[in-house]
Amino acid sequence: APEHPLVAVLTAPERRAEVEAYVAQAADRTEIDRLSTDRPKTGLDIGAEAINPINDERIPIYVADYVLGGYGTGAIMAVPAHDERDYAFAMALGLPVRRVVARPGTEAATPLEEAFSAHTGDERLISSGEFDGLPADEGGRAIVARLAQAGRAKPTVTYRLRDWLFSRQRYWGTPIPIVYCARDGTVPVPEADLPVLLPDTVDYRGSGENPLNRDEAFLAATCPRCGGPARRETDTMDTFMDSSWYWFRYLSPDKEDGPIDPDLVAAWTPVDQYTGGAEHAVMHLLYSRFFTKAMRDCGLLTQDEPFKRLFNQGQILGADGERMSKSRGNVQDPDELVARYGADTVRLFLMFMGPWDQGGPWSPTGIGGVHRFLNRLWSVVVDPHRHGPGEADTQPEDDAAAGHELRIAAHRALAGVTADYEGFRFNTMVAKLMELTNVLMRYRGTTVAGGEDWQEAIRLLLLMLAPAAPHLAEELWSRRLAAAGEPWRSIHLEPWPAFDPQLLAVRAIELPVQVDGKLRDRVPMAAGLDQTEVERLVLARPKIAAALGGRAPVRIVHAAGRLVNLVTR
């Protein structure tokens, strides 16, 4: 930062005049101006170098006005490849841009068109010596630990709190209750005269300035002290002033004798679940906690925190693994997808893409698989007695046993889906719905279809689907009621079903077996067998022997009792 005391100490004699002029120029600018993203980045090499304490690399020291003395220590290690401001600075001054974090498969030499800062869970360190390959967060901690062990650094917490300048030069926002009097100066509006109301209409003119400055009816005021003419403040409050406590006020928006209704606040808050993006952490969530604690200290509340639980969703990237950007041409228009596939397919695909808290790259082909799944689900609900193309016309040997297996599959799915919804594991929730639908497809067109066990499985499937695909679930639920001659009622008003714990006790399983990744057999066996016994039963199967063709597996992969893969190459 230009105001850092070491600038004067470290600047080389031949650079001193130029650096001092730059420092003086920076001192004339406000912090807001210096932090503006629209300003070109400027800076000067002061003619000194720092030494990287990990690899002893010599690093040139620059003075730059976008670095503030009050941020951290006022001296930062710039990382142009992964910070937008540092990237802009490096581009402006022709400095090298070195990737040190990347998604798997990204080479260090891959050009960057902008700073890469996606922060997905699969990012790894590169160009980082012995720390290459470590997950980004783990690698950062490992580097700090190594420095601490060598006595060259230690982990610390940097607090970035500063005074909040929350006035805005715009029409929308809460008016600031201040008037300016030629005799009495700055005078607050008396509480009895609050609230100060904005005019319903203003003249924008496209001038770029606050239109309240031209509204004479709003500007004209009377000084509360001397009764003389006064001019009203036209700046309005940052809208965070309202969004930082709205959930308290929404409970009693018409209450005129106080900001909140204590009884309603006690009954409905704190908020049970807050969901948003990680970008809220340094603004909205910070202000929300501040307002809650301030209202507590004022005696308006008894609670200490605004939200009981926070869950941040990940970011959906472009198909190329980079942040979606029009300049890259990797933006995916959701309206086009909704028009082609329907809203339920798009919703379900977004859930199925991966862990919700991690996000990931968009797949242009994956949505088709989700659409086909919903078509299969539709078929088993509306047409249970018909065989589809390519489906074998085979009947179960024992209808009662088959129906019982169908109930087990449905209740097992219900138990897993319930837990997945509660844990926001939407991708595995959708996978369980797909598995249950596949089981129903196996019995579609058989004597089991349409029976009591079938109907129970269909009912549970639709109730589990309803939160994720509300339109399709409502339509199928309505058709089911009509077919049964029952009066219509919305699926979204149904209670969440309970699973039967006795049906979850697995006594026997049908283990899928692959040879070199291709499914070759399903082997019935008791649950809980050790791997040696599983391998003995698998290798004794005629289908597996035929698939191996006399070859011995070089490796046998066990997937936690769900799958076995025999690898021969």
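As shown above, the structure is provided for reference.
Residues numbered from 1 in each chain as written. Predicted model: local features only at pLDDT ≥ 70, side-chain atom pairs only at ≥ 80, totals over all residues. Heavy atoms only, no water.

## Quick look at the overall build of the protein chain
Put simply, the rule reads: Counting from the N terminus, the helices are DSSP H or I runs at least four residues long and the strands are E runs at least two residues long. Here the globule rule is a power law, 2.2 Å times the number of residues to the power 0.38, and the radius of gyration is based on C-alpha atoms. Any two residues having at least one pair of non-hydrogen atoms within 4.5 Å are treated as being in contact. Only four residue types enter the charge count, namely Lys and Arg as positive and Asp and Glu as negative; His and the chain termini do not. Charge coordinates come from a single atom per side chain, which is NZ of Lys, CZ of Arg, CG of Asp or CD of Glu.
What the protein chain contains, in helices and strands, is 19 helices and 18 strands. Relative to a compact globule of 569 residues, whose C-alpha radius of gyration would be 25 Å, the protein chain shows 32 Å and is clearly more extended. Its C-alpha atoms give the protein chain principal-axis dimensions of about 100 × 65 × 45 Å. Within the protein chain, counting contacts between residues at least 6 apart in sequence, those at least 24 apart form 58% of the total. Averaging the coordinates of the 62 positive side-chain charges in the protein chain and doing the same for the 79 negative ones gives two points 4 Å apart.

## Structural notes on the sheet that holds strand β8 (residues 220-222)
Using the following cut-off: Between any two strands, pairing holds if DSSP finds at least two bridges. Axis angles are defined between N-to-C directions and span 0 to 180 degrees, where every axis is a line fitted to C-alpha atoms and, for a helix, only to the segment in contact.
Across the sheet, which stays open at both edges, the four strands sit in the order β7-β6-β9-β8 with antiparallel pairing between neighbours. Both edges of this open sheet fall to β7 (185-188) and β8, since each of them pairs with a single strand only. Across this sheet, the average inter-strand angle for adjacent strands is 45 degrees, counted without regard to direction.

## Quick notes on a nonpolar patch on the surface
Note the threshold: Patch definition: residues with relative accessible area over 30% and no salt bridge; like charges joined within 9 Å; nonpolar side chains (Val, Leu, Ile, Met, Phe, Trp, Tyr) joined within 5 Å. Under the convention used here, a 1.4 Å probe and the Shrake-Rupley method define accessible areas, while residue burial counts only the protein chains that appear. Think of a salt bridge as a Lys or Arg side-chain nitrogen and an Asp or Glu carboxyl oxygen that are within 4 Å of each other. Partly exposed residues are those whose accessible area sits between 20% and 50% of the maximum for their type, while under 20% is buried and over 50% is exposed, using a 1.4 Å probe and protein chains only.
Taken together, the side chains of Leu-6, Val-9 and Leu-10 make up a nonpolar region of the molecular surface, amounting to roughly 260 Å² of accessible area. One can find Leu-10 in helix α1 (residues 6-10). Residue classification places Leu-10 among the partly exposed positions, given a relative accessible area of 36%.

## Considerations on the packing of helix α14 (residues 399-422) against helix α16 (residues 452-465)
For any two helices packed against each other, one specifies the crossing angle of their axes together with the interaxial distance. Selection rule: Every angle not falling under 35 degrees, over 145, or within 65 to 115 is termed oblique; those three ranges are roughly parallel, roughly antiparallel and roughly perpendicular. By convention, the crossing between two helices is left-handed when the near helix turns anticlockwise from the far helix through less than a right angle, and right-handed when the turn is clockwise. Ten residue types, Ala, Val, Leu, Ile, Met, Phe, Trp, Tyr, Cys and Pro, are classed as nonpolar, four, Asp, Glu, Lys and Arg, as charged, and the remainder, Gly among them, as polar.
Where α14 meets α16, the axes come as close as 9 Å, and the angle between the chain directions of the two elements is 15 degrees. Accordingly, the angle class assigned to the pair α14 and α16 is roughly parallel. In the crossing of α14 with α16, the sense of the turn from one axis to the other is left-handed. In this structure, α14 contributes Gly-403, His-404, Leu-406, Arg-407, Ala-410, His-411, Ala-413, Leu-414, Val-417 and Tyr-421 to the contact, and α16 contributes Asp-453, Trp-454, Glu-456, Ala-457, Leu-460, Met-464 and Leu-465. Within the contact of α14 with α16, the residues separate by chemical class into eleven nonpolar, three polar and three charged.

## Structural notes on the packing of α14 against helix α15 (residues 426-443)
Packing of α14 against α15 brings their axes to within 8 Å, and their N-to-C directions diverge by 170 degrees. Classified by the interaxial angle, the pair formed by α14 and α15 is roughly antiparallel. Between α14 and α15, the contacting residues are Ala-402, Glu-405, Leu-406, Ala-409, Ala-410, Ala-413, Gly-416, Val-417, Asp-420 and Tyr-421 on the first element and Phe-426, Thr-428, Met-429, Lys-432, Leu-433, Leu-436, Val-439, Leu-440 and Tyr-443 on the second. A class-by-class count of the residues in the contact of α14 with α15 yields 14 nonpolar, two polar and three charged.

## Some words on the side chain of Asp-215
Counted only if it meets this: Side-chain atoms alone can form a polar contact between residues adjacent in sequence; in general such a contact is a pair of N or O atoms within 3.5 Å, and within protein one must be able to donate a hydrogen while the other accepts it.
Within the element layout of this structure, Asp-215 appears in the loop between β7 and α6 (216-219). Within the buried core, Asp-215 has no salt-bridge partner, and the shortest N-O distance to an opposite charge, that of Arg-232, equals 8.8 Å. At a separation of 3.0 Å, a polar atom in the side chain of Asp-215 contacts the main-chain amide nitrogen of Phe-218. The residues touching Asp-215, leaving out its near neighbours within four places in the chain, are Pro-199, Thr-201 and Val-202.

## What to know about the pattern of salt bridges
With the rule as written, the count across this model stands at 36 salt bridges. With a closest N to O distance of 3.2 Å, Glu-3 and Arg-34 form a salt bridge. Linking Glu-3 in the segment before α1 with Arg-34 in helix α3 (residues 31-35), this pair joins segments that are 31 residues apart in sequence. We classify Glu-3 as partly exposed; its relative accessible area is 41%. Take Arg-34: its relative accessible area is 7%, and that puts it in the buried class. Residue Asp-33 is joined to Arg-39 by a salt bridge in which the shortest nitrogen-to-oxygen separation is 3.8 Å. Residue Arg-39 is classed as buried on the basis of its relative accessible area, which comes to 16%.

## Side note on the pairing of strand β15 (residues 508-515)
Strand direction decides the pairing type here: β15 and strand β16 (residues 518-526), joined by eight bridges, are antiparallel. Each bridged residue has a counterpart across the sheet, and for Gln-514 the counterpart in β16 is Leu-519. In this structure, the hairpin formed by β15 and β16 is closed by a connection of two residues, where Asp-516 is found at a positive phi of approximately 55 degrees.

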